[in-house]
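One letter stands for each residue in the lines below.
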Amino acid sequence: MASGWAPEGAVQDQIDATLNDAVQRVRQGLNGGVSAQFCQECGDPIPEPRRLAVPGVQLCLACQQERDKQQASYAGYNRRSSKDSQLR
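Since the structure is predicted, the reported quantities are computational estimates derived from the model, not experimental observations. (Residues numbered from 1 in each chain as written. Predicted model: local features only at pLDDT ≥ 70, side-chain atom pairs only at ≥ 80, totals over all residues. Heavy atoms only, no water.)

Q: How would you summarise the overall build of the protein chain if you had to cite specific residues and measurements?
A: Helices and strands together make up the secondary structure of the protein chain, namely four helices and zero strands. Of the regular secondary structure in the protein chain, the N- to C-terminal order runs α-α-α-α. Residues classed as buried in the protein chain amount to 17% of the 88 residues present. A sequence separation of at least 24 residues applies to 26% of the contacts in the protein chain between residues at least 6 apart. On the protein chain, roughly 7400 Å² of surface is accessible, and the fraction owed to carbon and sulfur atoms is 53%. (Helix = DSSP H or I, 4+ residues; strand = E, 2+ residues; numbered from the N terminus. Buried < 20%, exposed > 50% of the residue type's maximum accessible area, 1.4 Å probe, protein only. Contact = heavy atoms within 4.5 Å. Areas by Shrake-Rupley, 256 points an atom, 1.4 Å probe, with all protein chains shown as cover.)

Spelled out as structure tokens, the structure:
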């Protein structure tokens, strides 16, 4: 009803675009390569199960959690949507 002149499936296209953007943003933040045996921040040993589960890991779990808290949060709206829907 509120879609006006939007083509069939436009809402699903917006949802898909938002999800694809989120997945791409997370993939860019992933490390690759050889995992470190000791944390780069605090020097504590990184457990072997963590090194195997997360390729290229460089931080222990505690330091990674602290870094995740400090990262800026992502804006919760779809930048690809129309201006009208963003003004609401």
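Text resumes after the structure shown.
Q: Hey, could you go over the nonpolar core for me, with residue numbers and the actual values?
A: One finds A36, C39, I46, V57, L59, C60 and C63 forming the largest nonpolar core, which totals seven residues. Among all residues touching L59, those that are not within four sequence positions of it are C39, Q40, E41, I46, R50, Q64 and R67. (Core = buried A, V, L, I, M, F, W, Y, C linked by side-chain atoms within 4.5 Å.)

Q: Residue-level account of the pattern of salt bridges, with values.
A: By the definition in use, this model includes one salt bridge. For E41, the salt bridge goes to R67, with nearest N and O atoms at 2.9 Å. One end of the pair, E41, is in the loop between α1 (10-29) and α2 (48-53); the other, R67, is in helix α3 (residues 61-70), with 26 residues separating them in the sequence. (Salt bridge = Lys/Arg side-chain N within 4 Å of Asp/Glu carboxyl O.)

Q: Describe the side chain of S35, naming the residues involved and giving the relevant values.
A: Locating S35 in the fold gives a position in the loop between α1 and α2. The exposure class of S35 is buried, given its relative accessible area of 17%. Polar side-chain contacts of S35 include one of 3.2 Å to the backbone oxygen of R51. Among the polar contacts made by the side chain of S35, one reaches the main-chain amide nitrogen of V57 at a distance of 3.3 Å. (Polar contact = N/O pair within 3.5 Å; in protein donor to acceptor, adjacent residues only side chain to side chain.)

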